[in-house]
Amino acid sequence: MLTKKNELFITPPNPPTSLFETPGSNRSSFFNFDKSHNQPGSSSSKDLLRNSMMSQSIEPLTPAEKLRLWRHDALMQHHYKTAEVIGDKVLALTDDPNDAFWLAEVYFNSGNYLRAKSLLISKPEFEKSVSCRYLAAYCLIKLEQWDEALDLIGESNPFKKDDQIRNSDGGIKLEASMCYLRGLIYANQNNFERAKESYKEAVMVDVKCFEAFEELISNNLMTPSEEWEFIQGLNYRDADDNDELIRLLYTTRLSKYLNVSKFIEAEHILKEEYNLGENCDILLSRADYLYIQCNFDACLSICEKILTKDPYNFDVIPNYLSCLYELGGKNKLFLKAHQLAENHPTNPMTWLAIGTYYLSINKIIEARKFFSKATLLNPNFGQAWIGFAHTFAAEGEHEQAISAYAFAARLFPGTHLPNLFLGMQHLQMNNLNLSEEYLLASYHICNSDPLLLNELGVINFHKNQFDKAEIFFKEALYAAKYLNSDSKTWISIHANLGHVYRRANQPFKALECFNQVLKISSKNDSNILAAIGLIYLKLGNIVKAIDILHDALAISPSDPVANDLLKRALDANKDNNGSFLEGAGARVDASLPMLLNRHRGKEQHQSSTRFLTPLTTKTRMLNQGVEGSSSKQQSKVDKFDFEGSSGDIDQFAEELRRGEESSDEDDEVMDIESD
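Procedures and definitions
Residues take numbers from 1 onward in each chain, read along the sequence in its written order. Under the rules for a predicted model, residues below a pLDDT of 70 receive no local features and side-chain atom pairs below 80 are neither given nor counted, while totals for whole chains, interfaces and linings still include all residues. No hydrogens and no water enter the side-chain calculation; it runs on all heavy atoms of the structure. What counts as a helix is a DSSP run of H or I of at least four residues, what counts as a strand is a run of E of at least two, and both are numbered from the N terminus. Partly exposed describes any residue whose relative accessible area lies between the buried limit of under 20% and the exposed limit of over 50%, with all areas from a 1.4 Å probe on protein chains only and scaled to the type maximum. The criterion used for residue contact is that any of the two residues' heavy atoms lie within 4.5 Å. Pairing of aromatic rings covers Phe, Tyr and Trp, the last counted by its six-membered ring, and requires centre-to-centre distances within 6.5 Å; plane angles under 30 degrees mean stacked, over 60 mean edge-to-face, and any other angle means tilted. Throughout this description, the term charge over a ring refers to an Arg CZ or Lys NZ atom that lies within 6 Å of the ring centre and within 35 degrees of the ring normal. Within this scheme, the nonpolar core is defined by two criteria: the residues are buried Ala, Val, Leu, Ile, Met, Phe, Trp, Tyr or Cys, and they are joined through side-chain atoms within 4.5 Å. Convention adopted: a line fitted to C-alpha atoms gives each axis, helices being fitted over their contacting stretch, and angles between N-to-C directions are expressed from 0 to 180 degrees. An angle below 35 degrees is treated as roughly parallel, one above 145 as roughly antiparallel, one from 65 to 115 as roughly perpendicular, and anything else as oblique. It is the rotation of the near helix from the far one that decides the hand of a crossing: anticlockwise by less than a right angle makes it left-handed, clockwise makes it right-handed. Side-chain classes follow a simple rule in which Ala, Val, Leu, Ile, Met, Phe, Trp, Tyr, Cys and Pro form the nonpolar group, Asp, Glu, Lys and Arg form the charged group, and the remainder, Gly included, forms the polar group. Whenever Lys or Arg places a side-chain nitrogen within 4 Å of a carboxyl oxygen from Asp or Glu, that contact is recorded as a salt bridge. UniProt positions are given in the numbering used here, feature names are shortened, and annotations may be inferred rather than shown by experiment. Each helix should span, by expectation, one fewer than its residue count multiplied by 1.5 Å. The term polar contact refers here to a pair of N or O atoms within 3.5 Å; inside protein, the definition further demands a hydrogen-donor-capable atom paired with an acceptor-capable atom, and it admits residues adjacent in sequence only when both atoms are side-chain atoms. Comment: arc refers to directions from the helix axis out to C-beta atoms. Residues forming no salt bridge and having over 30% relative accessible area are the ones grouped into patches, like charges within 9 Å of each other and nonpolar side chains (Val, Leu, Ile, Met, Phe, Trp, Tyr) within 5 Å. In short, Shrake-Rupley with a 1.4 Å probe defines the accessible areas, and a residue's cover is counted only from the protein chains shown. When charges are tallied, Lys and Arg are placed among the positive residues and Asp and Glu among the negative ones, while His and the ends of the chain are skipped. Lysine's charge is taken at NZ, arginine's at CZ, aspartate's at CG and glutamate's at CD. Summary of the metric used: pLDDT quantifies the predictor's per-residue confidence within the range 0 to 100.

### Structural notes on the overall build of the protein
No. 1: Within the protein, the regular secondary structure consists of 37 helices and zero strands.
No. 2: Looking at the protein residue by residue over its 675 residues, the buried ones come to 57%.
No. 3: Pairs at least 24 residues apart make up 61% of the contacts formed inside the protein by residues separated by at least 6 positions.

### Some points on the packing of aromatic side chains
No. 1: Using the criterion set out here, one finds 20 aromatic pairs in the structure.
No. 2: Ring geometry for Phe108 and Tyr113: centres 5.1 Å apart, planes at 65°, overall edge-to-face.
No. 3: Residue Tyr113 is classed as partly exposed on the basis of its relative accessible area of 23%.
No. 4: Among the aromatic residues, ring-to-ring pairing joins Phe334, Trp351, Tyr357, Tyr358 and Phe370 into one connected group.
No. 5: A cation over a ring is seen here: Lys256 above Phe263, with NZ or CZ 5.1 Å from the ring centre.
No. 6: We note Lys373 situated over the ring of Trp351; from NZ or CZ to the ring centre the distance is 3.9 Å.

### Looking at the nonpolar core
No. 1: Tyr405, Phe514 and Ile532 are the most contacted members of the largest nonpolar core, which totals 113 residues.
No. 2: Grouped together as the second largest cluster of nonpolar side chains are 63 residues, Leu75, Leu150, Ile246 and Leu254 included.

### A word on the packing of helix H27 (residues 466–479) against helix H28 (residues 488–503)
No. 1: In the contact formed by H27 and H28, the axes pass within 10 Å of each other and the chain directions differ by 160°. Considering their axes alone, H27 and H28 lie roughly antiparallel with respect to each other. Regarding H27 and H28, the two cross each other, and that crossing is left-handed. Packed against H27, whose contacting residues are Phe466, Ala469, Glu470, Phe473, Lys474, Ala476 and Leu477, the element H28 presents Trp490, Ile493, His494, Asn496, Leu497, Val500, Tyr501 and Arg503 at the interface.
No. 2: Considered class by class, the residues forming the contact of H27 with H28 number ten nonpolar, two polar and three charged.

### Quick look at unusual backbone geometry
No. 1: One non-glycine residue with positive phi stands out, namely His78, at about 65°.
No. 2: Summarising the element assignment, His78 is placed in the loop between helix H3 (63–76) and helix H4 (80–94).
No. 3: Residue His78 is classed as exposed on the basis of its relative accessible area, which comes to 54%.

### Thoughts on the pattern of salt bridges
No. 1: Applying the stated rule across the entire model yields 20 salt bridges.
No. 2: A salt bridge links Asp99 to Arg68; the nearest nitrogen and oxygen atoms lie 2.8 Å apart. In this pair, Asp99 sits in helix H5 (residues 97–109) while Arg68 sits in helix H3, placing the two residues 31 residues apart along the sequence. The burial state of Asp99 is the same as that of Arg68; both residues are buried.
No. 3: Taking the relative accessible area as the measure of exposure, Asp99 reaches 0% and is therefore buried.
No. 4: Each member of the salt-bridge network shares a partner with another, and the members are Arg68, Arg71 and Asp99.

### Remarks on the UniProt feature "repeat: TPR" (unreviewed entry) in the protein
No. 1: Mapped onto this numbering, the UniProt entry gives "repeat: TPR" (unreviewed entry) at residues 176–209, 348–381, 382–415, 491–524 and 526–559.
No. 2: With 79% helix and 0% strand, residues 176–209 has its two end C-alpha atoms placed 7 Å apart.
No. 3: In this annotation, residues 526–559 is assigned 82% helix and 0% strand; the end-to-end C-alpha distance for the span is 8 Å.

### Notes on the packing of helix H6 (residues 113–120) against helix H8 (residues 130–142)
No. 1: For the pair H6 and H8, the least separation of the axes is 9 Å and the interaxial angle reads 150°. The pairing of H6 with H8 is recorded here as roughly antiparallel in orientation. For H6 against H8, the interelement crossing comes out left-handed. Here H6 contributes Tyr113, Ala116, Lys117 and Leu120 to the contact with H8, which in turn contributes Cys132, Leu135, Ala136, Cys139, Leu140 and Lys142.
No. 2: For the contact of H6 with H8, a count of residues per class yields eight nonpolar, no polar and two charged.

### Looking at helix H32 (residues 560–575)
No. 1: Given a rise of 1.5 Å per residue, 16 residues ought to cover 22 Å, and the 23 Å separating the end C-alpha atoms of H32 matches this to within 8%.
No. 2: Every buried residue of H32 is listed here: Pro560, Val561, Ala562, Asp564, Leu565, Leu566, Arg568, Ala569 and Ala572.
No. 3: Two or three places before Val561, at the start of H32, stands the capping residue Asp559, its side-chain oxygen 3.1 Å from that residue's backbone nitrogen.

### Notes on the environment of Ala137
No. 1: Note that Ala137 resides in helix H8.
No. 2: The class of Ala137 is buried, set by a relative accessible area of 0%.
No. 3: For the pair Ala137 and Leu152, spaced 15 residues apart in sequence, the C-alpha separation works out to 6.0 Å.
No. 4: Ignoring sequence-local partners within four residues, the contact set of Ala137 consists of Ala149, Leu152, Ile153 and Leu181.

### Some thoughts on helix H17 (residues 296–309)
No. 1: With 14 residues, H17 extends 20 Å between its outermost C-alpha atoms, agreeing within 8% with the 20 Å of an ideal straight helix rising 1.5 Å per residue.
No. 2: Along H17, the positions that sit buried rather than exposed are Phe296, Cys299, Leu300, Ile302, Cys303, Ile306 and Leu307. The arc that holds every buried residue of H17, seen down its axis, measures 165°, which confines them to one face.

### So, a negative patch on the surface
No. 1: A surface patch of like charges, here negative, comprises Asp240, Asp241, Asp243, Glu244, Glu272 and Glu273.
No. 2: Looking at the secondary structure, you find Asp243 in helix H14 (residues 243–253).

### Let's talk about the side chain of Glu470
No. 1: Tracing the chain through its elements places Glu470 in helix H27.
No. 2: Those residues in contact with Glu470 that lie beyond four places of it in its chain are Leu497, Val500 and Tyr501.

### Re the confidence of the model for the protein
Interpreting fine coordinate detail is not advised for predicted regions of low pLDDT.
No. 1: Taken as a whole, the protein shows an average pLDDT of 79; of its residues, 75% reach a score of 70 or greater.
No. 2: Within the model, pLDDT remains below 50 along residues 578–649, and this stretch shows 243 contacts once partners closer than five positions in the same chain are excluded.
No. 3: Confidence over residues 655–675 falls short of pLDDT 50; this stretch has 57 contacts with residues more than four positions distant or in other chains.

Structure, rendered in structure tokens:
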């Protein structure tokens, strides 16, 4: 016995000889055109009539059925006015819910959602049709009337224990499509947990409901482990003879944080057995994998290959923008943003691209404006929220940045980036416990992001746990192996590791790290040279220290730390009796604290601009912001060093990295000195 609620969804039975039944019927000529036609979809009504009579032993078509052929032919060829006029007459003749559905379909395709919805709910017998209720709910979604749409299709799946509308003709089950719509409604109501469950149910009901699967994966609604567990339980038999192909395609779409070997195996089979090696979706999966590895050059190459084949592929845009930002491709960013603005002015991806360009040229206010516009066009656009948060972080507005990152974390619970950025913000605010909590939550999702590993190394440095800090920094270096040798990330991690060795009283290992930075960097860094000079001072090699500090000042004459170190080194050399090492702590306490405090104030405003990069969805987005943040964290390492050991010569390291933050521009140094 069906409940009253379920009875509302029952499609009235149709005559067995009807040619155009509810979508999903295996007798619908609309979904079963003869494949022998030279031009699919352009068959004339006479051809359809002849094929239908040949394939089925039926009586000659009635006038209403001939009108249906006319209506469908017009709809297939996008003659919506013709389809509207003829469909209206068919409905007047038959008053059949199926004819009401097809006329509403004409209105829907014409963009007249309100008229389509009004027709579908105009009579009780229409409302009882599952297909009519589905299309009416879709119209309400297009009209952004979320509550009314949910009332039409129900807050849960009424067919969960009922096989009434489960079709077996190879099409997508209408039940699955209704679950997908339910997920869209919940997502737009910010009820992301119920949205996730609805999408999962849609794919479990019918594995061919790719729309729901894409929402789950592209929005990172599941953690990587949940994704892999989920696809293991899907019923691929719904795809008939294509079950293996669908399973492989779905596998390549999953997060690349786990089971990389399975992804590579699936990719290989799709290339070799299905000849899909040059397919854009397969190439995009490879680009995601390369981005996760921080191999931005190779990722950018594949993105450009995809855009050459399909210039209007929006799926590749987030990866493409992120790689250009990481590699400093400002001209290409400008070109892509201009092209998108010209051709797709209403697409939120356009404004993400424009915001990313302005971020790359350090115009923070303009970038924020365009990221904000992207979020207005699509309130659930996680990449735009990440970029929006970056603009606040760039100006040291930590509270606003945390608020925006937290919202992005709600949108993307399956990616590590929002928690990573939240941890970085709390670290800058010296909230060490909260910072560690967010960073560890990020680490449980992804343990291979060099920026994340660097942040964890900094946290352990703050705790004086130098062994753990060393482990994390070494892991970060391994994870960053694909980065360019002069990448700020690579250099910063090496420098941080050198400071760990310095604090752990391993000066020769520290010197090895700092010298490695000087060898691979495209330009000498005065702060690295000052750090080397400090170590030589500790080792008692004052003459060598003086030479190194002179080199540092030749690069940055206004560096206050190098100046002070050189002054004390010269005094020590003049005395030549070791008094520098013995009395340096007291003189440092007397002469430097005020300078350091002023310098910190400037650094707090400047440094946060260095770790900005927009999020992509995918998972990727996945290593955004890597480049500059690491430089900032070196400052944090040394800041703790100074504060934790006043009176010791090690204090000077605090100012060394601070100098890096301000020495890029002479004006900033002059500002510090004149405060």
